[in-house]
Structure formats: structure tokens, C-alpha cells
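Structural overview for review
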Amino acid sequence: MVWKPSKPPSEKEADFQNTALARQYGGGHAGSWVSYLPPAWIPYVQLARLSPPAALFLIYFPHFFGVILAGVIQHSPVPQVLRACLVMFGGSFFFSNAAHGWNDLIDAPIDKSIARTSKRPIPRGAITPRAAFIFTATQGVGAALFLLFMPSGTALYALPNIIGTTYYPWAKRHTNLAQLVLGFCLAWGIVMGSCTMGLKPFAWGQLGNGQELWMQQSIACLFFACILWTVIYDTIYAHQDVEDDMKVGLKSIAVLFSDWTKPLLWLSLSCMITLLFRCGKLLNMGVQYYLITCGGSLLSLGVMIANVELKDSASCWWWFRYGFWLAGGAIAGGLLSEYMLIK
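Residues numbered from 1 in each chain as written. Predicted model: local features only at pLDDT ≥ 70, side-chain atom pairs only at ≥ 80, totals over all residues. Heavy atoms only, no water.

Counting its secondary structure elements, the chain contains 13 helices and 2 strands. When contacts within the chain are restricted to residue pairs at least 6 apart in sequence, long-range pairs at least 24 apart make up 75% of them. Split by element, the accessible area of the chain, about 15600 Å² in all, is 68% carbon and sulfur. (Helix = DSSP H or I, 4+ residues; strand = E, 2+ residues; numbered from the N terminus. Contact = heavy atoms within 4.5 Å. Areas by Shrake-Rupley, 256 points an atom, 1.4 Å probe, with all protein chains shown as cover.)

Take a look at the structure:
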């Protein structure tokens, strides 16, 4: 069956949808602190997904994980960890702004045809494509400047993430596994966080009969666990638009698996918890790590998968928004508890 793009919603329909979908990163909301800003700033806050701040923290969390895990491995002093966390937050802020601006710039023609995204700043005309590009470029420069505060050679480690993030908007057109592409980009923050602490995750070592590239095993476990975490929450997020995505030809795991999404999510969660458990075992972490990180992630994501109504856009948004915080907090809390115990 060949799907044809749907027509943009009428003005009356868009107004109704905007009321219902506004807070689902639909681009029309300006609540809480945003309403106090100058009107000309609000579209850029919406473009950068700064309200609510889940979009910022889904980028920052893996960087934070990488910093704390490196602190655990190296028994790093508290001032070094705090400095790295601040550098990562600043870099994440600008990188998040740039990544979301770039995504919306490339997706603008399609966003017009999706009910939830039809009132985002670029489709509704609040920001011109040229202004969006300038905003994206300046935020990218801002993110790059934070590389100056990191150890020499760290910039090379940033290249895979830059390439992946640049490609991601097209991944939704090329493959149903776009959530894996996004997961790679976000989980790469663990690599950058480790590098900021002076711990390079990759190295050439003597393996077998020759020199081979290897990755620090505990970092690798956390890296792949975070990819699966992204697959879980972003697949639920993608189910908000699955019918419209099929009409305009966008691809995702939600489109690919449809009614079979939940079994996949349960499998992903099982693998994620196994990897988190393995990360702890490799570093001989204490029981509190397993209770907080493994137990907290299993409970929060398990409840989310069990209760989310994938055919209900509002349900998908609610569980994405709050389930994301709970799981991220659980991983961060377990790693922090381990770091605090070794100090």
C-alpha cells in the first residue's frame, strides 16, 4: 500500500489540536516560566524544547553518567567531578539547542502534516528557516566552545556524535530503527563524560596475536544500556504520531512493530537491566547500586511499559515525560551512591 501525505490540518482543527497537544512538544505552549520571557524569545525556547526540560536532560543524563562512572573507576576527587559535571551541563545545554533546532529545520516540511507538530515554530511561521539555521549554528558553536574545557584530544571523540546527530533527521526516512540511531547519539554522552574526566574509553591494546581496539567494559555496558533505555522511551514517544507517520512515510520502531511494540519493550528492558547489572559486577559495586540503579530502572520502566496506552497520544506523552525522569534518576542515583561510598 502506498501512503500519501495528509493535508495540513485546517485552522479550526489546528487550534483544537494545539490545545490538546501543546505540552507534548507540539510547539504551541508557553506555560510556567516561559510566559515571563519576551514574546520574541518564546519560539526559540519552543524550538529548543526547553519547556518542559526533559529534552535537555535526555542529552545531559548520559554525560552525567559518564562523569560519575569515570569518578568511580578512577576514585576521582570531588572538585574534579563537580567541574566535569558543570562543563557537561553547559555543553549539553548548547548541544541540545542545536540538535533540536537542526531536527526541526530538516523536519519542517513534514511537521506541517503531523497533527502534534503542525504548530511548532517553523511550520507555523514564528521562526523562518534562515533564523532557525542561524540559531542552530550559533548553539553548535556554543557547544563546541566547551570542548576547550576538556582534555586535549577530546574533540575527536565528539565527531561520531556530531555525525550521528546531523544524520538523525534523515534516519526517520531511511530506516525503521531510527530509535537506535538516536540511542547511539544520546548514549555517546557517556563517552564524552568519561573523556572529560581524563578517562579515554577506547584504547589500542594487545589482544590475541595483534593490536586491537578495545573499550573499557563497564563503560561499554552502561553505553549499550543507555541505548536500550532510549529505545524504550523514544519508541513510546513515537507512538504519539504513529498513524500520521505512516501516512507521510516516516519510519520508526513504533511503525515497524505496531501492536507488537510492548513485547519488544519488555525484551529491551530485560537486556538493559542485564547490562546495568554487569556494569556493577565489573566494578564490584555495592548492593545499593543494584537496588537503586537496577531495581529503580526495572520498577520505573516496567510500570511504564505495563501501563502506557500506546494508542493514546496523551498516555504516551505522560509516561515518556515522567517515566524518563524516574529511570534517569535511578541510574544517576545508583552511580552517585557508589561514588559517595568510595570517597
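On to empty space enclosed by the protein. Inspection of every chain in the model, using the stated rule, returns 2 cavities of 30 Å³ or more. Considered as a void within the structure, the largest cavity measures approximately 650 Å³ in volume. In terms of lining residues, the largest cavity is bounded by 37 residues, among which Asn103, Tyr168, Lys172, Asp234 and Tyr237 are the most central. With 8 residues, the top contributor of residues to the lining of the largest cavity is helix 4 (residues 78–111). (1 Å grid on protein atoms, 1.4 Å probe; cavity = no way out; pocket = protein on both sides within 12 Å on 5 of 7 lines; lining within 4 Å. Points joined across faces, edges and corners; volume = space filled by probe spheres on them.)

Looking at the chain as a whole, the pLDDT averages 89, with 87% of positions reaching at least 70. Within the model, the stretch residues 1–18 combines pLDDT values under 50 with 19 contacts to residues more than four positions away or in other chains. (pLDDT = per-residue confidence, 0-100.)

Let us now look at the nonpolar core. Counting 76 residues, the largest nonpolar core has Phe65, Leu222, Trp229, Met272, Leu276 and Leu335 as the members making the most contacts within it. Looking at which element gives the most residues to this core, the answer is helix 8 (residues 217–238), with 14 residues. Apart from residues no more than four positions distant in its own chain, Leu276 is found in contact with Leu222, Ala225, Tyr289, Thr293, Cys294, Ser297 and Ile331. Core analysis: the second largest hydrophobic core is formed by 12 residues, Ile42, Leu47, Ile122 and Ile127 among them. (Core = buried A, V, L, I, M, F, W, Y, C linked by side-chain atoms within 4.5 Å. Buried < 20%, exposed > 50% of the residue type's maximum accessible area, 1.4 Å probe, protein only.)

As enumerated under the stated definition, the model contains 7 salt bridges in all. Among the ionic pairs, Asp107 bridges to Lys172, the shortest N-O distance being 2.5 Å. Separated by 65 residues along the polypeptide, Asp107 in helix 4 and Lys172 in helix 6 (residues 154–174) bring together distant segments of the chain. Each member of the pair, Asp107 as well as Lys172, is classed as buried. For the salt bridge of Asp111 with Arg120, the shortest nitrogen-to-oxygen distance reads 3.7 Å. Residue class for Asp111 comes out buried when judged on its relative accessible area of 5%. Looking at Arg120, the relative accessible area reads 5%, which means it is buried. When salt bridges that share partners are traced, they join Arg49, Asp104, Asp111 and Arg120 into one network. (Salt bridge = Lys/Arg side-chain N within 4 Å of Asp/Glu carboxyl O.)

Let us look at the side chain of Ser252. By secondary structure assignment, the location of Ser252 is in the loop between helix 9 (242–248) and helix 10 (253–257). At a separation of 3.1 Å, a polar atom in the side chain of Ser252 contacts the main-chain amide nitrogen of Val255. Sequence-distant contacts of Ser252, defined by excluding residues within four places in its chain, comprise Thr175, Asn176, Gln179 and Ala238. (Polar contact = N/O pair within 3.5 Å; in protein donor to acceptor, adjacent residues only side chain to side chain.)

All right, on to the layout of surface pockets then. If you roll a probe as big as a water molecule over the atoms, it shows you where there is empty space left. Of the voids in this model, the largest pocket is the one considered here, and its volume is about 440 Å³. Around the largest pocket, the lining comprises 21 residues; the ones closest to its centre are Phe95, Gly140, Ala143, Ala144 and Ile162. Put simply, the parts of the chain that give the lining of the largest pocket at least two residues each are helix 4, helix 5 (129–145) and helix 6. Top element by residues in the lining of the largest pocket is helix 4. It accounts for 7 residues. Broken down by class, the residue content of the lining of the largest pocket amounts to 13 nonpolar, 8 polar and no charged. Roughly 290 Å³ of internal volume is contained in the second largest pocket. Taken together, 14 residues line the second largest pocket, and the ones lying closest to its centre are His239, Val242, Asp259, Leu310 and Lys311. Sorting the residues of the lining of the second largest pocket by element identifies helix 9 and helix 11 (261–282) as the ones contributing at least two each. The leading source of residues in the lining of the second largest pocket is helix 9, at 3 residues. When the residues that make up the lining of the second largest pocket are grouped by side-chain class, the tally is 3 nonpolar, 5 polar and 6 charged. (Nonpolar A, V, L, I, M, F, W, Y, C, P; charged D, E, K, R; others polar.)

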